[in-house]
Amino acid sequence: MNEVLATGIFLFTLFFLLGSGVWIGLALLGVAYVGMELFTTRPVGDAMITAIWSSASGWSLTALPLFIWMGEILYRTRLSEDMFRGLAPWMSPLPGRLLHTNVVGSTIFAAVSGSSAATLTTVGKMSIPELDKRGYPEFMVFGTLVGSATLGLMIPPSLTLIVYGVTINESISKLFMAGILPGLTLALLFMGYVAAWSFFKPSQVPPAEPGMSFAERVKESRFLIPVIILIGVVIGSIYTGTATATESAAFGVIGALSLAFFQGSLTRDTFVKSLMGATRTSCMIALILSGAAFLALAMGFTGLPSLAAEFIAGLELSPLTLILALMVFYIILGCFLDGISSVVLTMAVVEPMIPQAGIDLLWFGIFIVVVVEMAQITPPIGFNLFVLQGMTKKSIGYIARCAFPMFLIMVLMVGILILFPELATFLPENMRQGPG
């Protein structure tokens, strides 16, 4: 068969299956199967089994279900009920007052969840009723919540960083460390936006809460302190080289179970629900990764990645121009695919270009996460928009308008990463390596 025709059939199958609503993992497997049939005489079944087994048998992937389970356990504790009570006394004196609970609450829960949807749901359950009751503008409540929840993709343990690391065979521990400073910087930018809003719209800021002494604030925060300690143990054990990402995930699960037990929220029902929730999410991601591994193999036979790399090299783009072009590409792609699917679908083509352009793969992983975060709040398939719509029954268009300033802040964050790449590379370069 003519190679041009075969390539056309392959690409048509790719876009048809992705646009048909078939599960992403199955769509990737189907496209890869067609590619193998068109471009090689190798037995397709054998090739598929080998590719899937190679991708699924890596030890680093073990961290994924463990971190998901840790987040599921804490999602079912009283954390969402206690979070507002614990954060409000500390946030009230800041410019913008209690709106900061959305940002800080999302940052804290992101560090135990790894999922933006779980972060949005947990923080939204506690903040929307409380902020509405106190008269905060709905536009700001929704915007800061849906934007800050994307920090679940950046701050470790990030599921997207785990998937990126497994896909390009990069250290998960180093990627986790790379995400800390950019994640905190992005959270500070969100808080700066809230402060600026309060400065320009002082009439819309509700009155301050009654003052509290330092001792009273600490007392109100007593339920949050164990969670913060748990975060410190999980991330600290990776940075100091005491544990690998997988081992720290196991510590996290034990800590989350202990916290739920002492809170009195660890019942047989919540234990089973957390386990089943983690199983469903892990299986969904594993299916996507399996399809991506098989597709990467098929892509190699089609020659598309090398052709794309040669085409980009022929354009002689500077690293900055390449990064900006990829940012636009991923924002457009994110309008139609979720973040993890965007990463695994494109890495076979994009990865060869990055070292060739002199771009650090750790830095690029953080860049990818920021642009994937943008995709979470851009219609028509912005996942966070749908989650918040389900919680509030507001229109997608209205929620997207609320989130637009947060989108612009993420574009600014890309600029900061370009100007100060050390934000992503400093901690990985200075972390201690564990035995072996």
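Residues numbered from 1 in each chain as written. Predicted model: local features only at pLDDT ≥ 70, side-chain atom pairs only at ≥ 80, totals over all residues. Heavy atoms only, no water.

(A) Main features of the overall build of the protein. From N to C terminus, the protein includes 22 helices and zero strands. Taken over C-alpha atoms, the radius of gyration comes to 22 Å for the protein, in line with the 22 Å a tight globule of 436 residues would show. Here the C-alpha coordinates of the protein stretch approximately 75 × 45 × 45 Å along the principal axes. Looking at the protein as a whole, 54% of its 436 residues are labelled buried. The contacts in the protein between residues at least 6 apart in sequence include a share of 79% that link residues at least 24 apart. Summed over all atoms, the accessible surface of the protein reaches about 18,700 Å², with 69% contributed by carbon and sulfur. For the protein, the distance from the average position of its 20 positive side-chain charges to the average position of its 23 negative side-chain charges is 15 Å. (Helix = DSSP H or I, 4+ residues; strand = E, 2+ residues; numbered from the N terminus. Rg over C-alpha atoms; globule rule 2.2 N^0.38 Å. Buried < 20%, exposed > 50% of the residue type's maximum accessible area, 1.4 Å probe, protein only. Contact = heavy atoms within 4.5 Å. Areas by Shrake-Rupley, 256 points an atom, 1.4 Å probe, with all protein chains shown as cover. Lys, Arg positive; Asp, Glu negative; His and termini not counted. Charge placed at Lys NZ, Arg CZ, Asp CG, Glu CD.)

(B) Seen up close, the nonpolar core. In this structure, M347, F364, F367 and M374 are the most contacted members of the largest nonpolar core, which totals 145 residues. In contact with M374, other than residues within four places in its own chain, are M327, I331, F407, M410, V411 and V414. (Core = buried A, V, L, I, M, F, W, Y, C linked by side-chain atoms within 4.5 Å.)

(C) Structural detail: empty space enclosed by the protein. Tallied over the entire structure, the rule returns one cavity of 30 Å³ or more. In this structure, the largest cavity encloses a volume near 50 Å³. Lining the largest cavity we find I73, R76, T77, L257, A260, S265, L266, T270, F271 and S274. Of all the elements in the fold, those that place two or more residues in the lining of the largest cavity are helix 13 (245–263) and helix 14 (268–302). (1 Å grid on protein atoms, 1.4 Å probe; cavity = no way out; pocket = protein on both sides within 12 Å on 5 of 7 lines; lining within 4 Å. Points joined across faces, edges and corners; volume = space filled by probe spheres on them.)

(D) Geometry of a nonpolar patch on the surface. On the surface, F214, V218, I225, I229, V233 and F251 cluster together to form a nonpolar patch covering roughly 550 Å² of accessible area. At three residues, the largest contribution of residues to the nonpolar patch is made by helix 12 (residues 225–239). Following the sequence through the fold, F214 ends up in helix 11 (residues 214–220). (Patch = residues over 30% accessible without salt bridge, like charges linked within 9 Å, V, L, I, M, F, W, Y side chains within 5 Å. Salt bridge = Lys/Arg side-chain N within 4 Å of Asp/Glu carboxyl O.)

(E) Representation of helix 6 (residues 100–113). End to end, helix 6 covers 19 Å across 14 residues, agreeing with the expected 20 Å (1.5 Å per residue, within 8%). Burial analysis of helix 6 places 14 of its 14 residues in the buried class, which makes it a mostly covered element. (Expected span 1.5 Å × (residues − 1).)

(F) Just the pattern of salt bridges, in detail. Summed over the entire model, instances satisfying the criterion amount to four salt bridges. A salt bridge links E130 to R134, with the nearest nitrogen and oxygen atoms 2.6 Å apart. Residue classification places R134 among the partly exposed positions, given a relative accessible area of 27%. The network of salt bridges with shared partners includes E130, K133 and R134.

(G) Inspection of the side chain of T144 at higher detail. When you line up the elements, T144 lands in helix 8 (residues 138–148). Assessed through its relative accessible area of 0%, T144 is described here as buried. Among all residues touching T144, those that are not within four sequence positions of it are L99, N102, Y193, V194 and M406.

(H) Main features of the environment of Y193. Locating Y193 in the fold gives a position in helix 10 (residues 172–200). Counting along the chain gives 184 residues from Y193 to I9, while the straight-line C-alpha distance between them is 48 Å. Filtering out sequence-adjacent residues up to four positions away, Y193 remains in contact with F139, M140, T144, P405, M406 and I409.

(I) Representation of the side chain of E72. With respect to the helices, strands and loops of the structure, E72 is situated in helix 4 (residues 63–75). Once residues lying within four places of it in the same chain are set aside, the contact partners of E72 are S274, G277, A278 and T281.

(J) Representation of the packing of helix 14 against helix 17 (residues 339–350) in the model. Interaxial distance between helix 14 and helix 17 falls to 9 Å at its minimum, and their mutual angle equals 15°. Between helix 14 and helix 17, the angle falls in the class roughly parallel. Remark: the crossing between helix 14 and helix 17 carries right-handed chirality. Taking contact as the criterion, the partners of I285, I288, L289, A292, L295, A296 and M299 in helix 14 are, on helix 17, I340, S341, V344, L345, A348 and V349. Residue composition of the contact of helix 14 with helix 17, by class: twelve nonpolar, one polar and no charged. (Axes fitted to C-alpha atoms, helices over the stretch in contact; angles between N-to-C directions. Parallel < 35°, antiparallel > 145°, perpendicular 65-115°, else oblique. Left-handed = near helix turned anticlockwise from the far one by under 90°. Nonpolar A, V, L, I, M, F, W, Y, C, P; charged D, E, K, R; others polar.)

(K) Layout of the packing of aromatic side chains. Considering all chains together, one arrives at nine aromatic pairs under this definition. Here F364 and F367 contribute two aromatic rings whose centre-to-centre distance is 5.5 Å and whose plane-to-plane angle is 35°, an arrangement assigned as tilted. Highlighted residues: F364 and F367, both in helix 19 (residues 361–376), separated by three residues, approximately one helical turn. Taking the relative accessible area as the measure of exposure, F367 reaches 0% and is therefore buried. Centroid distance F404 to F407: 6.1 Å. Interplanar angle 15°. Geometry classified as stacked. Of this pair, F404 and F407 both sit in helix 21 (residues 396–419), three residues apart, which is roughly one turn of that helix. Judged by its relative accessible area of 45%, F404 is partly exposed. Every member of this aromatic cluster is reached through a ring pair, and the members are W363, F364 and F367. (Phe/Tyr/Trp six-rings, centres within 6.5 Å; stacked < 30°, edge-to-face > 60°.)

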